[in-house]
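A look at the structure
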Amino acid sequence: MTRYSPAILLLMISVLAMSVATSCSHKTESAALPKATAFGAAIVESSGGKQVAQTGGLLPQPVVVQINDEQGTAVAGALVEFAAAEGVTFDPANGLTDSSGQVTTNVSLGGMAGRYPLTAFTFDKSHKKVELKLDEIALGYQQTLGRQINDQYCERCHNPESTAQRVSNYDNLDVKPHPFTEGDTLNKMSDADLTAIITHGGPALNKSALMPAWGNTLSKADIQALISYIRAIADPPSRSAGPVFVYANNSKN
Amino acid sequence: MKEKLTSLWKTLFADSVRAFGVVSVIFLASLAIAPAKNFFSEWRHYQHGYLKMVRNRSDANTLQRHFQGGIQQVWLPELSVVDRCNSCHVGLKEASLADVPTQPYRTHPVIPHKLDQFGCTVCHRGQGAATTVAEAHSSTLAWEQPILPAKYIESSCGQCHRGSLPGTPQLNQGRTLLAREGCLHCHTVKLPDGRTLKATDDPPSLSHIADKTTREWIFAWLKDPQVYTSTATMPNFKLSDDDTRDISAFLIANSTPLAGDTATLSAKASSDPAAGPSLYGESFCASCHAVQNAAGNMVGGDVGPELTKVGSKVKPEWLQAWLRNPRAYDPETGMPHYRFNDSQVATLAGFLLAKSDSDLLAKVSLQPATPEQIAHGKRLVTDYGCASCHEIAGIKKPENFAPNLSQIGSKPVTQLVFLPGMQHSLPDYIATKIKQPRAFGQGLKMPQYTFTPAQIDSLTTALLSLNDRSHTLPPALAVPGTPESDYQPAGKAGKLMTDLACFSCHRINRHGGDMAPDLTWEGSSVQREWLVQFFKNPGTLRPSLIRRMPRFNLTDGEVNELTDYIMTVYQNPAVDRDSMPLSGYSQGEVELGRQLFYGKYSCQGCHIVDTKTDKGYIGPTLTHVGSRLTAAWIYQWMKNPQSLRTGTAEPNRAMSDEDARALTAFLISQKGGSKEVANK
C-alpha cells in the first residue's frame, strides 16, 4: 500500500496545481485592462471621499479622481484602477481618464460596518505606481437608525451646512454646537458623557442650555443608536468607529 | 501483475489468524472514516481558529468561558429554522469582538432582535442546516437559497414589518417607488394580510387628450419622455417611428372634446412682464411644480409635473380652462382650484406658455392619419397595455397584464432566465430586469425606466421582501404598518376641501400629503379669528421654508364654511380649547414664563419671540403666537408635544404643571404688537 501512496500524492498535487493554474489564468483574463494612451504624474480626488453609506450599499455620490501631469494639468487617456477590501465593488473598476482628466466610478461598500479605505492608482511614465487613498464609511443597522434620528432631531443645529431642503440653524446659536464629524472633541467624550448630555441636556455637563434634554423624546435605544452614528462618522476616526477594512494586496505588482 | 496480486493475496490471507487480523485492520480503518471526517471538518477548523485568535486578547478568559465547542444550532420549529451558522460564526454574541474585521469571528452588529429568537436564515437566507461554507452560503443544485447580499438585507425586515421603519431607509424608499413609479398599475402585489398594494401616482386620462395637446407633442413624448422632462414617470416603450405615429393618431382620433376646454377667454395677458413671475411666485406654484433654471438645476417641488417646457406641450385654450378650474378636466387631480379671475388666468397662462422649447417638436412632421394607422394604433395601445395606467375611452383596463409579484422574492433560480455573463442569483435577476427589462428577450413589453442605481437597489430590496416566508410567518410576528386611510371630509366643507386639494399637501386622519402640517387637531390648536385671516392672506410661520400655503381667493362664505368645519371637527379629545383663557394671566406668571423661555428651556435656540434678539430658525416664529394658538393647546404642547403631533422635532421636556402654565402665560402674551410686549 505504501508503495502507491507517492503516486497518489503526486496525482493530487498535480490536480491541485492544475486547478490553481486554471483559477489564476481565469483571474488575469477577467482583469483585461484598457490600454493607457497617456501617463500622468499625480492622482487627486475631485469628489466622492468621506461619504457615508449603508453596509453593502452604494455611496450616494460617485467617486471622481483626476490625473494630472507634472505641471498640474489634467491628462486624458491615463489608466486609473480602483481597489479596496473584499466586498467593495467598483462600477467600473478601472478606466481611462476622459477629456477633463477624470474617471468616475460608482462604489458599493462591503457588507460589514466600518471604514473602507479605497485606493485609486495609476502608473507614471517610469511605471511607478501613484496612489490616492479615500476613506468611506459603511453604517450598520444601529448607525443607520442613529443617522435617521440625527436627520430628524439633531442636524438642523449640529450641521453647519445648509441645503435647499434644510436651512441650518447653526449660525443663529450663540453657543455653537459640535458638528458630529468633529472627532477631535467628540472622541474625547465618553459614551456615558454623550448619553448624559443627550438625555438631560447641556446643563447636565455644565454646557449650554441651548442643547435641550431629549430623554423624554428619544428612547435609550435611540440614544445609543445616535451615539453609534456619531462614533462612526467622527473625523479623525473614533476608537469605537468599528474596524478598518483594508485592501489585502495579493496580486504580484 | 497477476502473479504479484496472487502473492499479495497469499501473504495477507495465508492463514485464518492473519486473515482475521487484516480484515480487522480494514474494518477499523473504515470505522475511522467518520470520526476523521468529523475531525477535519470545516467548522472544527474555524473553532480552532477562533480559540487561537481569542488567546491573545485581553478578554481571553471571558471569551474562552463563553465558547462552546461542537456543532451549535438554533432550532425554531414555528419558523422552520434549523440554523447551525454559529458553529463557525462563534463570536456572534461577543460584543467585544466588534473590532474584528475577519469573518467568521466578528460579533453581530446591534439589531433589535435576539439571535436565539430569530436564528440567522430568517434574515440572511442561506442553508441553515449546512455545516460547510459552500453549502451554507451558496446555491448549489441541491440547495436553492444563497446568502442574501448585504446591500439587500433590509428586505428581510420587510417580511414582518409591513410599515416603514426608521432604521430601513432603503426598504422604505423601495416601497415608495414601487407605488409611485407606476409598477403597480401592471403588476399585482398582494400582501400576506390580504391587502393589495395600491399605486400612489395618478396617470392622466387620455380620453380628452386632443383638447390638451397636439399629436406632435404626443409623438415626441412617446418616443422618449425624458426629452420633454427628466422627471417623467412615464417610461420609454422604445417604439418605432411608425408605431409612435399610429398610436398618436389613435389617441387623437379617439379623444372627445370637453365643453370648457375650447372656450377662449376674452381677457388679454397682462402687458406687465413681471406680472407672470410674481403671480407664479405668489401662488406658490413652485411648492409642487419644478422649473429648470439657467444653471440646469431643478427649482421647485415634485408633486406636480415639471413645467420647464410646458409651453411646447399644452394648447393655450386648454391651459386657460385648466387654470380656471383643473377639476373640470380631471376630477381626480391633485391641483387646487385657485379661483383665479380672468385676468389672472390670462397672466399666468401667458407666463407658462412662454416656457417652451422650439427644438422639442422641430423634427416631428406628421401626415394626416389614415384609418389603417388609427386601427393599428388602437391595436398597439391594447398590446402595450396603455390602459393599465391611463383611462382611454373604449379600451378596458387589462386584468393581470403583467406577472403577479406577490412572492417574487422567493422565485426559484431554476425558473429564471439569465443574460450571458450575469450572476445567477435572484437579486441580480430582479435588479437587471428593472435596469434593462427588454434585454431578456424579443417582444417583451415592460418599458425602459430611468432609475438611478440607488433606486434600483431600493426597488430590488422592496421586491425581495415579498417572499414565501412573509406569507408563512406565524401571524403573531407580523408588525402591521399604519396604512393610508381613505378619510374624506363630509358635507359642503368637505367638497370645498376636495376642490382646494387640501390633501395634496396636508394630512388629516392618516390621509394626505406630508408637505404641510398635519391638520388632524387643527380645531383644538388655533384661534378662529387667526384661521379666518390665514385663509384670506396666508403668511408664513417658518421663515426658512420655501414651500408655503398659497392664497386661494376664497369668498367670505367659503372661508367661514371651512373655518367652522375645522374648528368643530378637527378637535383633539385631550385638549379642551375653553379650559384655559387667552388673557388675564398675572404679570408674575408671564415674567416667570419669560425666564423659563430664555433660561431653563432656552427656547430661543429654535424659536423667535423678539425679532431683535432671537434668531432660532427651526420652529415656527412665535411673535404672534398669542393671537394664533389656544392656551390649552400651548399648555398640552409644553407637557407632551409628541402626543399632539407624532414625530415632531420639539423635545418633550417633561415640564412641571407650573412651568408649563408659566410658559403658556408668556407665550399667550405674544400678540404681535411690539409695544404691548414691551409694556409688560
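About the thresholds
Residues numbered from 1 in each chain as written. Chains lettered and ligands numbered in written order. Predicted model: local features only at pLDDT ≥ 70, side-chain atom pairs only at ≥ 80, totals over all residues. Helix = DSSP H or I, 4+ residues; strand = E, 2+ residues; numbered from the N terminus. Expected span 1.5 Å × (residues − 1). Buried ≥ 20, exposed ≤ 12 C-beta atoms within 10 Å, placed from the backbone. Contact = placed C-beta atoms within 7 Å. Domains from an automatic or database assignment. Nonpolar A, V, L, I, M, F, W, Y, C, P; charged D, E, K, R; others polar. Axes fitted to C-alpha atoms, helices over the stretch in contact; angles between N-to-C directions. Parallel < 35°, antiparallel > 145°, perpendicular 65-115°, else oblique. Pairing = 2+ DSSP bridges.

**Considerations on helix α15 (residues 241–254) of chain B**
Residue and element names in this part refer to chain B.
- Helix length check: α15 (14 residues) gives 20 Å between terminal C-alpha atoms against 20 Å at 1.5 Å per residue, within 8%.
- Looking only at α15, the buried set comprises Thr244, Arg245, Asp246, Ile247, Ser248, Ala249, Phe250, Leu251 and Asn254.
- Residues of α15 that are buried make contact with α12 (209–212), α13 (215–223) and α20 (371–383).

**What about the domain arrangement of chain A?**
Residue and element names in this part refer to chain A.
- Once the domains are mapped, chain A shows domain 1 (42–139) and domain 2 (141–233).
- When each unit is reduced to the centre of its C-alpha atoms, the spacing between domain 1 and domain 2 is 31 Å.
- Each side of the interface is counted separately: domain 1 has five residues, and domain 2 has five residues.
- For the side of domain 1 that touches domain 2, the secondary-structure elements that each account for two or more residues are β2 (52–54) and β9 (129–139).
- A per-class count over the side of domain 1 that touches domain 2 returns four nonpolar, one polar and no charged.

**Some words on the packing of helix α10 (residues 169–180) of chain B against helix α22 (residues 453–464) of chain B**
Residues and elements named next belong to chain B.
- At a minimum axis separation of 7 Å, α10 and α22 run at an interaxial angle of 90 degrees. In terms of their interaxial angle, α10 and α22 are classed as roughly perpendicular. Packed against α10, whose contacting residues are Gln170, Leu171, Gln173, Gly174, Arg175, Leu177 and Leu178, the element α22 presents Gln455, Asp457, Ser458, Leu459, Thr461 and Ala462 at the interface.

**Some points on the interface of chain B and chain A**
- The interface is formed by 35 residues belonging to chain B together with 34 residues belonging to chain A.
- Elements with a minimum of two residues in the side of chain B that touches chain A: α10 and α22 of chain B.
- Here the side of chain B that touches chain A takes three residues from α22 of chain B, the largest share from any one element.
- Class assignment of the residues belonging to the side of chain B that touches chain A gives a composition of 19 nonpolar, nine polar and seven charged.

**What to know about the sheet that holds strand β5 (residues 89–91) of chain A**
Residues and elements named next belong to chain A.
- Pairing within the open sheet is antiparallel, and its four strands lie in the order β1-β3-β7-β5. A strand with exactly one partner marks an edge of an open sheet, and here the two such strands are β1 (42–47) and β5. The average undirected angle you get between the axes of adjacent strands in this sheet is 35 degrees.
- Bridge analysis of strand β3 (residues 63–68) against strand β7 (residues 102–108) gives four bridges, and the strand direction is antiparallel. Residue pairing in the sheet places Val63 in a bridge with Thr105 of β7.

**Concerning the pairing of β9 of chain A**
Residues and elements named next belong to chain A.
- In the sheet, β2 pairs with β9 via three bridges, with the strands oriented parallel. The partner of Val52 across the bridge, within β9, is Ile137.
- The sheet contact formed by strand β8 (residues 114–123) and β9 spans 10 bridges and is antiparallel. What sits directly across from Pro117, in β9, is Asp135.
- Following β8, the chain reverses through five residues before pairing antiparallel with β9; His127 in that reversal takes a positive phi of roughly 60 degrees.

**Thoughts on the domain arrangement of chain B**
- Domains assigned within chain B are domain 1 (2–31), domain 2 (39–145), domain 3 (158–200 + 402–477), domain 4 (209–375), domain 5 (491–569) and domain 6 (577–679).
- For domain 2 of chain B and domain 6 of chain B, the distance between their C-alpha centres works out to 55 Å.

**Regarding the packing of α15 of chain B against α20 of chain B**
Residues and elements named next belong to chain B.
- Here α15 crosses α20 at 95 degrees, and the two axes come no closer than 7 Å. Between α15 and α20, the crossing angle belongs to the class labelled roughly perpendicular. For the pair α15 and α20, contact is made by Asp243, Arg245, Asp246, Ile247, Ala249, Phe250 and Ala253 and by Gln373, Ile374, His376, Gly377, Lys378, Leu380 and Val381, respectively.
- Residue composition of the contact of α15 with α20, by class: seven nonpolar, three polar and four charged.

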